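Structural characterization, general
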Amino acid sequence: MTTRMNDMDEQRPLTVAIIPARGGSKQVPRKNLQRVGGVPLVERAVRAATAASGIDLVVVSTDDDEIAAVANTAGARVIRRPAELAEDTATSESAILHALDELEAAGERVEIVAFLQATSPFIPSDALAAAVEEIRADRADSVFAAHETYGFLWREDDRGEAVAINHEAAHRPRRQDREPHHLETGAFYVFRAAGFRESRHRFFGRIRIAAVPEWTAIEIDDADQLRVARALATLHEVPGRIPVRAVVTDFDGVHTDDTAIIDADGGERVRVSREDGMGVALLRRAGVPLLILSTEVNPVVRARATKLRVPVLHGLDDKETALRDWAQENDVPLADIAYLGNDVNDLPAMRIVGWPVAVANAHPLVIEEARVVLRRRGGEGAVRELIERVLSS
């Protein structure tokens, strides 16, 4: 449970972030657990709320056991939502009202609600905190996230003809001469709990806008938007440290670019990165164990491992068992291992470690499973990037 209270504050009214996150989804299966930047969407929302000053408690309302576990681990209090409030036709308002009832039944007095949508992966914590302050300072009753736009909006009439909405079709002023409008992002809404109960709606009383950067405005409703969000995470988010005690990697597609040159005798040559070689040397000097696991039986795998002076297990059909055995032999908990993979044969091993990591050009299923998605591609410094993030911790 995430709170910012001490014993003296227990009776004061709370500002509570409520994140509705049901298990069902039609367009994107298990949407609220999909990963962006290696982190499940519901966890990203919890983190954003936790990082916002002025929020006392973070709550996730869900009907789903897996979402509940992720939310709880991320530091949120979980409120179980009844099945009838988790159907496709159920509104977010109904989930928030239920959560408020549950909190108040538990003796919590809620004054301000911050309603966050997990499907918005880039919720700016500073803008959320500012919205809370607008309510607390009595400058507004409801505040919502929106970004400034100078776009010309149109609609189609009943004859299929275009009709200008926010401008005159025959007048095209320059951007600097136009009045900006604001487009609601859906990321967050902050409002007074009492006013929400009375109106049964997120907009009431004095309404203000919390301006957010336009790039944060994406809301995930389909697979295309999910792919865009993952690309934006790579562009905009600062890579974090990876605190592990050991690193395990695949070979092809990780140390190499997943291509091979075959000579007339059937021998293979692969392309590797010298950056990766230096990274491995730095890891070795730091005393952090590194292991290469590969299904390949080609001698080039052994040759590269020898060059790097790291152990290798290759010709494997079962990477998971090999990794479990190696971890036990070296007394390294699986939770303290980063596994770097690129293709579906890496998934069993990735699922048992604490830090499953994917190269930038990994198979989509691998990216979905990864806790971290690197910026670099296999054979182009991905191993070095992972090692630098390990050593930075």
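Scope of this entry: the structure provided in the associated data block. (Residues numbered from 1 in each chain as written. Predicted model: local features only at pLDDT ≥ 70, side-chain atom pairs only at ≥ 80, totals over all residues. Heavy atoms only, no water.)

**Re the overall build of the protein**
Helix and strand content of the protein: twelve helices and 19 strands. Overall, the protein is about 75 × 65 × 35 Å in size when its C-alpha atoms are taken along their principal axes. Sequence-distant contacts, at least 24 apart, represent 65% of the contacts inside the protein between residues at least 6 apart. Total accessible area on the protein is roughly 19300 Å²; 48% of this is exposed by carbon and sulfur atoms. For the protein, the distance from the average site of its 49 positive side-chain charges to the average site of its 63 negative ones is 5 Å. (Helix = DSSP H or I, 4+ residues; strand = E, 2+ residues; numbered from the N terminus. Contact = heavy atoms within 4.5 Å. Areas by Shrake-Rupley, 256 points an atom, 1.4 Å probe, with all protein chains shown as cover. Lys, Arg positive; Asp, Glu negative; His and termini not counted. Charge placed at Lys NZ, Arg CZ, Asp CG, Glu CD.)

**Comments concerning the pattern of salt bridges**
When the charged atoms of two side chains with opposite charge come close together, those side chains can pair. Overall, the coordinates contain 31 salt bridges when judged by the stated rule. Residues R12 and D56 are paired through a salt bridge, measuring 2.7 Å at the closest nitrogen-oxygen approach. Of the two residues, R12 is situated in the segment before β1 (14-20) and D56 in the loop between α1 (41-51) and β4 (57-62); the sequence distance between them amounts to 44 residues. The partly exposed category is assigned to R12, whose relative accessible area is 27%. Of the charged contacts in the structure, one is a salt bridge between D65 and R80, with a shortest N-O distance of 2.9 Å. A residue pair is termed long-range when its members are at least 10 positions apart, and D65 in helix α2 (residues 65-74) and R80 in strand β5 (residues 77-80) qualify at 15 residues. Connected via shared salt-bridge partners are D138, D141, R192 and R206. (Salt bridge = Lys/Arg side-chain N within 4 Å of Asp/Glu carboxyl O. Buried < 20%, exposed > 50% of the residue type's maximum accessible area, 1.4 Å probe, protein only.)

**Some remarks on the nonpolar core**
Among the nonpolar cores identified, the biggest contains 51 residues, and L323, I337 and L386 are the most heavily contacted of them. The dominant element in this core, judged by the number of residues it contributes, is helix α12 (residues 382-391), at five residues. Excluding residues that lie within four positions of it along the chain, L386 makes contacts with I242, V247, A338, L340, V357 and L374. Core analysis: the second largest hydrophobic core is formed by 36 residues, I67, I112, A114 and A210 among them. (Core = buried A, V, L, I, M, F, W, Y, C linked by side-chain atoms within 4.5 Å.)

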